[in-house]
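Take a look at the letters that make up each chain.
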Amino acid sequence: MNLRIPGPTPCPPDVLAAVGRQMMNHRGPEVAELTRRVVGGLRPFFRTESDIILLTASGTAGLEAAIVNTLSPGDPVLAVTTGVFGDRFAEIAEGYGADVTRLSFEWGTAVDPAEVSSALAEKRFRAVLLTHNETSTGVTSPLGEICESIHARSGPLLLVDAISSLGALPLATDALGLDVVVTGSQKAWGVPPGMAMLSVSERAWHAASTARIPRFYLDLERYRAPVREGQFPWTPSLPVLYGLEVALERMRLEGEEAIYARHARVGAHTRAAVSALGLELFADPRFASNTVTAVRVPEGIDGKALTRTLRERHATVVGGGQGKLTGKIFRLGHLGFVTVDDVDQALFAVSRALRERK
Ligand SMILES: *Cc1c(COP(=O)(O)O)cnc(C)c1O
């Protein structure tokens, strides 16, 4: 089966072998060493000197942790959104009683830094919620420019969903002054789902000391000292840790820059190949993501039937459209241990499925 959704991504065979290993004492020295290696392997991709916390949970819990650890009910928050995941981040903040102002951009377009800047000029915000790579539309927003416009104004906390970008697209956490950056094991890391990994800046730790949203499992302070010793406050997902160690060693051998270059190459190739099939790309080409490509379902074709045909007759699984894009687009994931060949095979299947449906 060619699994071409934007996460979970296919795991390499050595990762799969590792996740099947025997359990260990999670408070013992082997797991402490393993955790230190995993955190050390993640650090170059986060580009941060700050603490990196591992939560046994999916990526959404990482976003929730960013909110509950830094904010108090009633805090003014600017949620910048370009799709389903930006909206979800906003909903989490609303759910915990933050005073959320949404700055929404048309789906398929990127965040306009100038509009963020004007929103910040109008009101003082405690935090800004940003999505680096909007997986539902296949758009990567220009975080560098956005952050420049934010620092020029005041100093809100910058909480960033980098779940489908970190490990595949460059992101300079410290250089951009990002306070919490969240990713998830099943995306670019090529590991099964089950862990959210997040960096926490000094400013975020300081905010946590006064943040009044109730929390327990996601209380990052409980993880801070243990993780420095390679420990956890409670039982972590050992299989995901085993897998991460192997995946990160592969990534170290390939090299950070080579990984970013490969994703750029595969992304460009995907877009060219989609266009060559006569299909229309959904995202603004200037901000098209190098980890996921959204393709418009051609006029007269039922998007759901198309993904079903791909799955049942061509052993190819692509992502459907989410929210208001259901049935209107399909999405090809190309993040993690992906090659041009993987995409070509998927697109060959798409071309055959489209012919069969006519
Ligand atoms: C996948 C994804 C999420 C959700 O992650 P889960 O692990 O499913 O909780 C959130 N944001 C983005 C941008 C994603 O790609």
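Rules used in this analysis
- Residues numbered from 1 in each chain as written.
- Predicted model: local features only at pLDDT ≥ 70, side-chain atom pairs only at ≥ 80, totals over all residues.
- Heavy atoms only, no water.
- Near = heavy atom within 4 Å.
- Polar contact = N/O pair within 3.5 Å; in protein donor to acceptor, adjacent residues only side chain to side chain.
- Areas by Shrake-Rupley, 256 points an atom, 1.4 Å probe, with all protein chains shown as cover.
- Helix = DSSP H or I, 4+ residues; strand = E, 2+ residues; numbered from the N terminus.
- Nonpolar A, V, L, I, M, F, W, Y, C, P; charged D, E, K, R; others polar.
- Pairing = 2+ DSSP bridges.
- Axes fitted to C-alpha atoms, helices over the stretch in contact; angles between N-to-C directions.
- Buried < 20%, exposed > 50% of the residue type's maximum accessible area, 1.4 Å probe, protein only.
- Domains from an automatic or database assignment.
- Contact = heavy atoms within 4.5 Å.
- Salt bridge = Lys/Arg side-chain N within 4 Å of Asp/Glu carboxyl O.
- Expected span 1.5 Å × (residues − 1).
- Parallel < 35°, antiparallel > 145°, perpendicular 65-115°, else oblique.
- Left-handed = near helix turned anticlockwise from the far one by under 90°.
- Core = buried A, V, L, I, M, F, W, Y, C linked by side-chain atoms within 4.5 Å.

### Some remarks on the site of the ligand
Link 1 in the chain: Around the ligand, the surrounding shell consists of Ser58, Gly59, Thr60, Phe85, Arg88, Asn133, Thr135, Asp161, Ile163, Ser164, Gln186 and Lys187.
Link 2 in the chain: At 2.5 Å, a side-chain N or O of Thr135 approaches an oxygen atom of the ligand.
Link 3 in the chain: Bound to the protein, the ligand loses 89% of the 380 Å² it would expose on its own.
Link 4 in the chain: Among the elements of the structure, α3 (59-70) and α4 (84-95) are those that each provide at least two residues to the shell around the ligand.
Link 5 in the chain: In the shell around the ligand, the residues fall into 2 nonpolar, 7 polar and 3 charged.

### Quick notes on the sheet that holds strand β5 (residues 127-131)
Link 1 in the chain: As summarised here, the arrangement of the 7 strands in space is β2-β10-β9-β8-β5-β3-β4, forming an open sheet in which the pairing is mixed. Two strands in the sheet have a free side with no partner beyond their single neighbour: β2 (51-56) and β4 (99-104). Neighbouring strand axes in the sheet, compared pairwise and without regard to direction, differ in orientation by 20° on average.
Link 2 in the chain: Taken together, the 3 bridges between strand β8 (residues 157-161) and strand β9 (residues 180-184) define a ladder with parallel strand orientation.

### What about the pairing of strand β11 (residues 292-296)?
Link 1 in the chain: The element β11 is largely enclosed, with a buried count of 4 among its 5 residues.
Link 2 in the chain: Taken together, the 5 bridges between β11 and strand β13 (residues 329-333) define a ladder with antiparallel strand orientation. From the neighbouring strand, Ala294 faces β13, where its bridge partner is Arg331.

### Some words on the domain arrangement of the chain
Link 1 in the chain: When the domains of the chain are assigned, the result is domain 1 (2-6 + 256-357) and domain 2 (13-252).
Link 2 in the chain: For domain 1 and domain 2, the distance between their C-alpha centroids amounts to 26 Å.
Link 3 in the chain: Across the boundary between the two partners, domain 1 contributes 25 residues, which contact 29 residues of domain 2.
Link 4 in the chain: Seen at the junction of domain 1 and domain 2, the total is 2 salt bridges.

### Focus: the sheet that holds strand β12 (residues 316-320)
Link 1 in the chain: Judged by pairing direction, the sheet is mixed, and its 4 strands sit side by side in the order β1-β12-β13-β11 without closing on themselves. A single partner strand is all that each edge strand has here, and the edge strands are β1 (2-4) and β11. Strand-to-strand twist across the sheet, computed as the mean angle between neighbouring axes with direction ignored, equals 30°.
Link 2 in the chain: Relative to β13, β12 runs antiparallel, the two sharing 2 bridges. By the bridge assignment for β13, Gly319 is matched with Arg331.
Link 3 in the chain: Along the sheet face, helix α13 (residues 340-356) touches β1, β12 and β13 and points at about 95° away from the line of β1.

### Details of the pattern of salt bridges
Link 1 in the chain: Under the definition given, this model contains 22 salt bridges.
Link 2 in the chain: In this structure, Arg203 and Asp179 form a salt bridge, with 2.9 Å as the shortest nitrogen-oxygen distance. On the criterion of sequence distance, the pair formed by Arg203 in helix α8 (residues 202-208) and Asp179 in the loop between α7 (173-176) and β9 is long-range, its members being 24 residues apart.
Link 3 in the chain: Looking at Arg203, the relative accessible area reads 36%, which means it is partly exposed.
Link 4 in the chain: Across the pair Arg222 and Asp219 runs a salt bridge, and its minimum N-O distance is 3.4 Å.
Link 5 in the chain: A relative accessible area of 34% places Arg222 in the partly exposed class.

### Side note on α3
Link 1 in the chain: Taking 1.5 Å as the rise per residue, α3 with 12 residues should run 16 Å; its terminal C-alpha atoms sit 17 Å apart, in good agreement.
Link 2 in the chain: Judged by how many residues are buried, α3 sits mostly within the fold: 10 of 12 residues are covered.
Link 3 in the chain: Those residues of α3 that sit buried are Gly59, Ala61, Gly62, Leu63, Ala65, Ala66, Ile67, Val68, Asn69 and Thr70.

### Notes on the packing of helix α5 (residues 113-122) against helix α6 (residues 143-151)
Link 1 in the chain: For the pair α5 and α6, interaxial distance at closest approach is 9 Å and the crossing angle is 20°. With respect to α6, the element α5 is oriented roughly parallel. Where α5 crosses over α6, the two elements pack in a sense that is right-handed. Together, Pro113, Val116, Ser117 and Leu120 of α5 and Glu145, Ile146, Ser149 and Ile150 of α6 make up the contact between the two elements.
Link 2 in the chain: By residue class, the composition of the contact of α5 with α6 is 5 nonpolar, 2 polar and 1 charged.

### Remarks on the nonpolar core
Link 1 in the chain: Judged by nonpolar contacts, the single largest core of 87 residues is most densely connected at Leu54 and Trp189.
Link 2 in the chain: With 9 residues, the single largest contributor to this core is helix α10 (residues 238-254).
Link 3 in the chain: Not counting residues up to four positions away in its chain, the partners in contact with Leu54 are Thr35, Val38, Val39, Leu42, Met195, Ala196, Met197, Tyr223, Phe232 and Leu241.
Link 4 in the chain: One finds Val295, Val297, Leu310 and Ala353 within the second-largest nonpolar core, a separate group that totals 20 residues.

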